[in-house]
Amino acid sequence: MAEAADLQGAGPSPARRWVRRTAAALAGAPLLAALLTVPPAHAAPAAAPVAVPSAPAAAKASDQRSVDVSLDTLTPSAPTEGDTLKISGTVTNRGKETVSDAVVDLRVGSRMSSRGQVDSLAKRSGFRPGSDGEALGGAYTVKIPRLPAGIGHDFSLSVPVDKLGLDGEGAYQLGVSLTGRTPSEPYDQVLGIERTFLPWQPEATEKKTQLTYLWPLISSAHLSAETGTDDQQTPVFEDDKLAEELAPGGRLERLVSLGAELPVTWVVDPDLLATVEAMANSYQVKNGDQRVPGKQQARAEQWLDSLQKAVQGRKVVALPYGDPDLASLAHRGREVSGSLGHLRPATDVAETTVETILHVKPSVDFAWPVDGAVDPSIVDVATSAGADKVIARGDSLRDDLPYAPNAARPIGGGTTAVVSDASLSTAFQGDMTRADTATLAVQQFLAQTLVLTHQQPGKQRSIVVAPQRMPTAAQAQSMATALRGLSAQRWSQPSDLVAAAAAKPDPDAAIKVPGSRRYPGQLRRGELPVAAYHDVRVTQETLDDFAGILTQPDRVVTPFGNAIDRGMSTSWRGRGEAASDYRAGVLRHLKDLTAEVQLIDKSDLTLSGRSATIPVTVQNQLVQGIDRLTLRLTSTKPTRLKLNGDDTVATLPVRIDGGHSQSVKFTASANANGPVPMTAQLYTADGKPYGKPMTFTAKVSEITPTVMLVIAGGFLLLVLAGVRMYSRRKKTVAADGGEGDGAPAPGAPDGPAGNGGDGADGGEPVDSPPAGGSDAPAVPGSGRAQPSDPAPDTAAQSADAPGQGEKVDR
């Protein structure tokens, strides 16, 4: 009747309806709570009755996670029949109340039939009744009477696998929960749960998945372009941080020691090998403006020795030297001419470097864009250096298939895309320093591989895993643990990248390369800017010009060429400022070297005569000689001064040994007086200016033949006059000697006693004119000048050096 009344719109009052609904809720709550707390058939009976909360309270308790459960170990990671599963971890009370009567239980959930279920379960949080399985209970629990707020408690569970109730092969959900009470809610409730995965495959599958795992040995740039001036060219490092990665427990040390025991394909940046080899010998480290000796040779030698042993008999893939950022080159570098030209030499150097240092022949026909993200331009760039296989990732070349197809796919133009599995490749990108995080990652990886195999149990597939480029030591440890979990080869077996690339493609797999608009924006934002490739071009052009004049160009081309490759490395992503500083340092050091070959400044010079020689000095402060360099001298006023007979420009070759200078001499001819600005400039063999020009002024002071005849005639007259005066003086002296000593000349007035005239005896000198007029001869010793004597103010020739400026006479 009530229902009929409600349908007719004439039901009871709102107050009465509220009373009825409240009564119904109170009556039904115990029944619902009882259904939720009924133990499974195999669970031990409860020791005492449990207070049953109302339905709203139960729902609230199940959603909160006041207790954090972490799983630190789970062994064996892939158990088989007869094994005992051991789980250890910690429960920590994150709430504000003390938890009492706590019980740590193991819960086995349902078997997962798809990889999507695995991913979904990994993201789930909070306890879900019915979905998280029933508590195993009984003897396989850990009881914690009291767990105060903020306190953690370690636990350990040991359960025979045959007690888990696993009803078939596959990956199972496995949870560890804590049930307890709090003062505000004094009834049993799940206060925390942590889920993981349990792969169960006691017998080998009919078809095993061929699993290729890439093991990358890549680092950031540590070696500078600078080298010592000694014969060995002692390398100079930007820092000594590489030694930390090579030390025991360091990132690179762990990769080598772990990889040596695993069936992996080594992917190597040859620059890392060359850098470590340089460290194994004498090296220096920058310390501000100083260079201090490096002391980590032993670490470098030990690491190289371990790596050489680890890669013997294994597949080694060599990336282009320096691991260039292919996506940046495709999206930014192609705007700058010459950028793509670095890939081919980098690939050639890579093969030689790996073979020389590791004594194995690597594969150099694989390209690996960052994170395996591709678009048509990236593929074009990747294959421009000869690679015909591109390592892509499944989240870039997406498939709409219910299973994982083979990795190899033809994408046109004779190029094969080797598509790595996205979920497996990103499984260990988190913080693996925490034991619980690492354990969950390992179990999820194993579960994914097992479910993948069960997708098509009758069909064998080839799967590739390409992890992050530079895994940490903790990430490498987790990767190794996961691969050890597959070592029994019950559902997978190891393969290598060359075999994976040669596997038969799946006809239903996606082969269309996504357009550039689908390239991830986050990756695009991390690319090197166009300015980086402008820096590279300037550095390369400067290096080419410099190497063209050297007698030993390899001493410069090798270190600087490698440094240029490092400046385009993928490792600079996220470190734009550091990358810019590195490239600027390479160019700055190169320019400092080129400045060691220069013109010495000249002061202005004076040219006297119709022809002359103009010297220009070239200095070479390098340790090696220079050649194939020319010096060009230009006269800006050919009407006054010409070079080499009738030219305004003269060019002479320059060849100078290291640490020497050379004076290059040009022949000049003067036509008119006046200053002539001159310019001297060095040029390379292809006609490019080298260094800065040097300017000076040549002052022309021309003397013609007619002027020379006049000057010669005047000089002859002066000589004849001097001879005549000398003869007259000689006759006068002879006449004085005939009159006797001290006798006055005829007609001369008397003077004081003595030799008269110089006042030597105290008498006054005679200063009256001699008798007979001014033409009469003077009395010898009288102190009066004779007409033939030179003028008294004639200055002696200065013995001082000429003033500023050079004077070149010819």
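All values reported here derive from a predicted model rather than from experimental measurement. Within every chain, residues take consecutive numbers counted from 1 along the sequence as written. Predicted model: local features are reported for residues with pLDDT of at least 70 only, side-chain atom pairs are reported and counted for 80 or more only, and whole-chain, interface and lining totals are derived from all residues. Side-chain numbers come from the whole structure's heavy atoms, not from hydrogens or water.

### Looking at the overall build of the protein
Counting its secondary structure elements, the protein contains 20 helices and 31 strands. We call two residues contacting when some pair of their heavy atoms lies within 4.5 Å. Across the protein, contacts joining residues at least 24 apart in sequence account for 77% of those joining residues at least 6 apart. When the accessible surface of the protein is summed, it comes to about 40,600 Å², and 52% of that surface belongs to carbon and sulfur atoms. The helix and strand labels rest on DSSP assignments: H or I over at least four residues marks a helix, E over at least two residues marks a strand, and numbering proceeds from the N terminus. Residue exposure ignores everything except the shown protein chains as possible cover, and the areas themselves are Shrake-Rupley values with a 1.4 Å probe.

### Considering the sheet that holds strand β16 (residues 366–367)
Neighbouring strands of a sheet are bound in pairs by backbone hydrogen bonds; such pairs are parallel or else antiparallel. Read across the open sheet, the four strands follow the order β16-β17-β19-β18; overall the sheet is mixed. Unpaired on one side and paired on the other, β16 and β18 (408–412) mark the two borders of the sheet. For β16 and strand β17 (residues 389–393), the ladder comprises two bridges, and the chain directions are parallel. In the strand pairing of β17, A367 is matched with V390. Only strands that DSSP links by at least two bridges are regarded as paired with each other.

### A closer look at the pairing of strand β3 (residues 99–112)
Looking along a regular strand, one sees side chains alternate from face to face of the sheet. Relative to strand β5 (residues 142–147), β3 runs antiparallel, the two sharing five bridges. When the sheet's bridge partners are listed, V103 is paired in β5 with K143. As paired strands, β3 and strand β7 (residues 170–182) are joined by nine bridges and run antiparallel to one another. When the bridges of β7 are listed, L106 appears paired with V176. With two bridges connecting them, β3 and strand β4 (residues 134–135) associate as antiparallel partners.

### Some words on the side chain of D436
When you line up the elements, D436 lands in helix α13 (residues 435–455). Exposure categories follow from relative accessible area, calculated using a 1.4 Å probe and restricted to protein chains: below 20% of the type maximum is buried, above 50% is exposed, and the middle band is partly exposed. Overall, the relative accessible area of 10% leaves D436 in the buried class. Beyond its immediate stretch of four places on either side in the chain, D436 contacts S70, L71 and D72.

### Observations concerning a nonpolar patch on the surface
Residues qualify for a patch when their relative accessible area is over 30% and they have no salt bridge, like charges being joined within 9 Å and the nonpolar side chains of Val, Leu, Ile, Met, Phe, Trp and Tyr within 5 Å. Whenever a carboxyl oxygen of Asp or Glu lies within 4 Å of a side-chain nitrogen of Lys or Arg, that contact is scored as a salt bridge. There is a patch of nonpolar side chains on the surface, built from F715, L716, L717, V719, L720 and V723 and spanning about 610 Å² of accessible area. Tracing the backbone through its elements, the reader meets F715 in helix α20 (residues 705–739). Overall, F715 belongs to the exposed group, its relative accessible area being 57%.

### Some remarks on helix α11 (residues 376–383)
Because an α-helix packs 3.6 residues into every turn, residues spaced three or four apart end up facing the same way. All of the buried residues in α11 are S377, I378, V379, V381 and A382. Looking at the buried residues of α11, the elements they touch are α9 (326–331), α10 (343–358), β16, β17, β18 and β19 (415–420).

### Observations regarding unusual backbone geometry
In this chain, T75 is followed by P76 through a cis amide linkage whose omega measures -10°. Within the secondary structure, P76 sits in the loop between β1 (67–75) and β2 (84–93). Even without being glycine, H359 reaches a positive phi, approximately 65°.

### Looking at the environment of V276
Here V276 is to be found in helix α7 (residues 270–279). Sequence separation between V276 and W303 is 27 residues; the distance between their C-alpha atoms is 8.3 Å. Excluding residues within four positions of it along the chain, V276 makes contact with L242, L246, A300, W303 and L304.

### A closer look at the pattern of salt bridges
Per the counting criterion, the structure on display carries 23 salt bridges. Salt-bridge contacts for E226 lead to R291; the nearest nitrogen and oxygen are separated by 3.1 Å. Placement of E226 in strand β10 (residues 223–227) and of R291 in strand β14 (residues 290–293) is noted, with a sequence separation of 65 residues between them. What makes E226 buried here is its relative accessible area of 17%. A relative accessible area of 29% places R291 in the partly exposed class.

### Digging into the sheet that holds β2
Across the sheet, which stays open at both edges, the three strands sit in the order β1-β2-β6 with antiparallel pairing between neighbours. The strands lining the two open edges of the sheet, one partner per strand, are β1 and β6 (152–160). Strand-to-strand twist of the sheet, defined as the mean angle between neighbouring strand axes without regard to direction, takes the value 20°. When β1 meets β2, the two strands line up antiparallel, connected through eight bridges. Fitted lines through C-alpha atoms give the axes, limited to the stretch in contact for helices. The angle between two N-to-C directions lies from 0 to 180 degrees.

### Details of the packing of aromatic side chains
Two descriptors summarise a pair of aromatic rings, namely the distance from one centre to the other and the angle between the planes of the rings. Note on aromatic contacts: the rings of Phe and Tyr and the six-membered ring of Trp form a pair at centre separations within 6.5 Å, being stacked when their planes are under 30 degrees apart, edge-to-face when over 60 apart, and tilted otherwise. Applying the stated rule across the entire model yields five aromatic pairs. Geometrically, the ring pair formed by W572 and Y582 is tilted, given 5.5 Å between the ring centres and 40° between the ring planes. One end of the pair, W572, is in the loop between α18 (554–566) and α19 (576–594); the other, Y582, is in helix α19, with ten residues separating them in the sequence. Over the face of the ring belonging to W368 we find R469, whose NZ or CZ atom lies 4.4 Å from the ring centre. Only when the NZ atom of a Lys or the CZ atom of an Arg is both within 6 Å of the ring centre and within 35 degrees of the ring normal do we say a charge sits over the ring.

### What to know about the nonpolar core
For our purposes a nonpolar core is just a set of buried Ala, Val, Leu, Ile, Met, Phe, Trp, Tyr and Cys residues, chained together by side-chain atoms within 4.5 Å. Counting residues in each nonpolar core, the largest one holds 76 residues, and the members touching the most others are I614, L631 and L641. Leaving out residues up to four positions away in the same chain, I614 has contacts with L605, L607, L633, L641, L643, V664, K665, F666, A668, M678 and F696. Residues L273, W303, L307 and V354 belong to the second largest nonpolar core, which totals 59 residues.

### As for the packing of helix α17 (residues 530–547) against α19
Taken N-terminus to C-terminus, the directions of α17 and α19 make an angle of 20°; their axes are 10 Å apart at the nearest point. The orientation of α17 relative to α19 falls into the category roughly parallel. Seen from above, α17 lies across α19 with left-handed handedness. Of α19, the residues touching α17 (which contributes A532, D535, V536, V538, T539, T542, L543 and F546) are R583, V586, L587, L590, L593 and T594. Class assignment of the residues belonging to the contact of α17 with α19 gives a composition of nine nonpolar, three polar and two charged. In these notes the angle categories are as follows: under 35 degrees is roughly parallel, over 145 is roughly antiparallel, 65 to 115 is roughly perpendicular, and the rest is oblique. Crossing chirality is assigned from the near helix's rotation relative to the far helix, an anticlockwise turn below a right angle marking it left-handed and a clockwise turn marking it right-handed. Each residue receives one of three labels: charged for Asp, Glu, Lys and Arg, nonpolar for Ala, Val, Leu, Ile, Met, Phe, Trp, Tyr, Cys and Pro, and polar for the others, Gly being one of them.

### Here's the deal with α18
For a helix, the expected span equals 1.5 Å multiplied by the residue count minus one. Spanning 13 residues, α18 covers 18 Å between terminal C-alpha atoms, matching the ideal 18 Å at 1.5 Å per step. Within α18, ten of the 13 residues are buried, leaving the element largely enclosed by the surrounding structure. In the core, the buried residues of α18 are packed alongside β10, α7, α10, α17 and α19.

### Side note on the pairing of β14
In this structure, strand β13 (residues 284–287) lies alongside β14, joined through four bridges in antiparallel fashion. Within β14, the position partnered with Q284 by the bridge is P293. Counting the residues between successive antiparallel strands, the hairpin from β13 to β14 contains two residues, one of them, G288, with a positive phi of roughly 70°.

### Focus on the confidence of the model for the protein
pLDDT measures how confident the predictor is about each residue, on a scale from 0 to 100. Here the protein shows a mean pLDDT of 84. Residues at 70 or above account for 81%. Segment residues 1–64: pLDDT under 50, and 39 contacts once partners within four positions in sequence are set aside and those in other chains are kept. Taken together, the stretch residues 738–810 has pLDDT below 50 and engages in 40 contacts with residues farther than four places along the chain or on a different chain.

### Things to note about the side chain of T234
Looking at where T234 falls in the secondary structure, it is placed in the loop between β10 and β11 (235–237). Ignoring anything within four residues of it in the chain, the contact list for T234 reads E226, T227, G228, S282, Y283 and Q284.

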